[in-house]
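Coordinates in review
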Amino acid sequence: GENVEQHPSTLSVQEGDSAVIKCTYSDSASNYFPWYKQELGKRPQLIIDIRSNVGEKKDQRIAVTLNKTAKHFSLHITETQPEDSAVYFCAARRGRGSYKLIFGSGTRLLVRP
Amino acid sequence: NAGVTQTPKFRILKIGQSMTLQCAQDMNHNYMYWYRQDPGMGLKLIYYSVGAGITDKGEVPNGYNVSRSTTEDFPLRLELAAPSQTSVYFCASSGGDDRNEQYFGPGTRLTVT
């Protein structure tokens, strides 16, 4: 079955710096890759997603890149702010007709003021 | 809309006891999911449902049961609780459209002692 590995498990950056979180997936049939943000004690919420027919997607300070050949995708946060501190999860989903997401183990991001 | 709601918020069980975690959504979503999140870990899929009357196992179904008699409700039953079931349980739902964004409930924190 699908396996998603996520690195690093923790990441500490200075406010204003960039943060990059990387994920690899095993199932070449996966074609949808969302990222969720979970603040302390809160529920996960979708922040950005990308499909396999697109190499990069941006939304203000966050961007996601996908390399289908290498089967990895990354989350980039620029100009980090303290409110970006949270746990970030990547996930992968197989093609249409499959609604199950397989999640990575999460990255705890700390933005130091 | 209330979105996805879960009850209770917290529960302490003794080993061997049983309980039902309630989940409801008011978005008319066909797809519903149960995840568990162990401390510092990612989300593991327990069971999911693609519509009323249809359920299927996820990655970690042992020790749990579900039912889906209506579109709105998707209860998770724990029989003979064990300490290994100490976790935070999240219910989620999605509309089944092309993006199929999953919306999470606030979670139930369960401790089995």
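The sections below set out a description of the structure shown in this document. (Residues numbered from 1 in each chain as written. Chains lettered and ligands numbered in written order. Predicted model: local features only at pLDDT ≥ 70, side-chain atom pairs only at ≥ 80, totals over all residues. Heavy atoms only, no water.)

1. Remarks on unusual backbone geometry
Note the cis peptide between His7 of chain A and Pro8 of chain A, where omega equals -5 degrees. Note on placement: Pro8 of chain A falls in the loop between strand 1 (4-7) and strand 2 (10-14). Pro8 of chain B follows Thr7 of chain B through a cis peptide bond whose omega is -5 degrees. With respect to the element layout, Pro8 of chain B can be found in the loop between strand 1 (4-7) and strand 2 (10-13). At Glu79 of chain A, a residue that is not glycine, the phi angle is positive and equals roughly 45 degrees. By the element assignment, Glu79 of chain A lies in the loop between strand 8 (72-77) and strand 9 (86-93). We classify Glu79 of chain A as exposed; its relative accessible area is 53%. One non-glycine residue, Asn28 of chain B, lies in the positive phi region at around 60 degrees. Structurally, the position occupied by Asn28 of chain B is in the loop between strand 3 (19-25) and strand 4 (31-37). On the accessibility criterion, Asn28 of chain B (61% relative accessible area) is exposed. (Helix = DSSP H or I, 4+ residues; strand = E, 2+ residues; numbered from the N terminus. Buried < 20%, exposed > 50% of the residue type's maximum accessible area, 1.4 Å probe, protein only.)

2. Some details on the interface of chain B and chain A
Listed as interface residues are 22 residues of chain B and, on the opposing side, 19 residues of chain A. Carbon and sulfur atoms supply 50% of the area that chain B and chain A bury against each other, a total of about 1900 Å² over both sides. Joining chain B to chain A, the criterion identifies 0 salt bridges. Linking chain B with chain A are 4 residue pairs in polar contact (both at pLDDT 80 or more). If you tally residues by element for the side of chain B that touches chain A, the top one is strand 4 of chain B, at 4 residues. Partitioned by chemical class, the residues of the side of chain B that touches chain A number 11 nonpolar, 7 polar and 4 charged. (Contact = heavy atoms within 4.5 Å. Buried area = accessible area lost by both parts, 1.4 Å probe. Salt bridge = Lys/Arg side-chain N within 4 Å of Asp/Glu carboxyl O. Polar contact = N/O pair within 3.5 Å; in protein donor to acceptor, adjacent residues only side chain to side chain. Nonpolar A, V, L, I, M, F, W, Y, C, P; charged D, E, K, R; others polar.)

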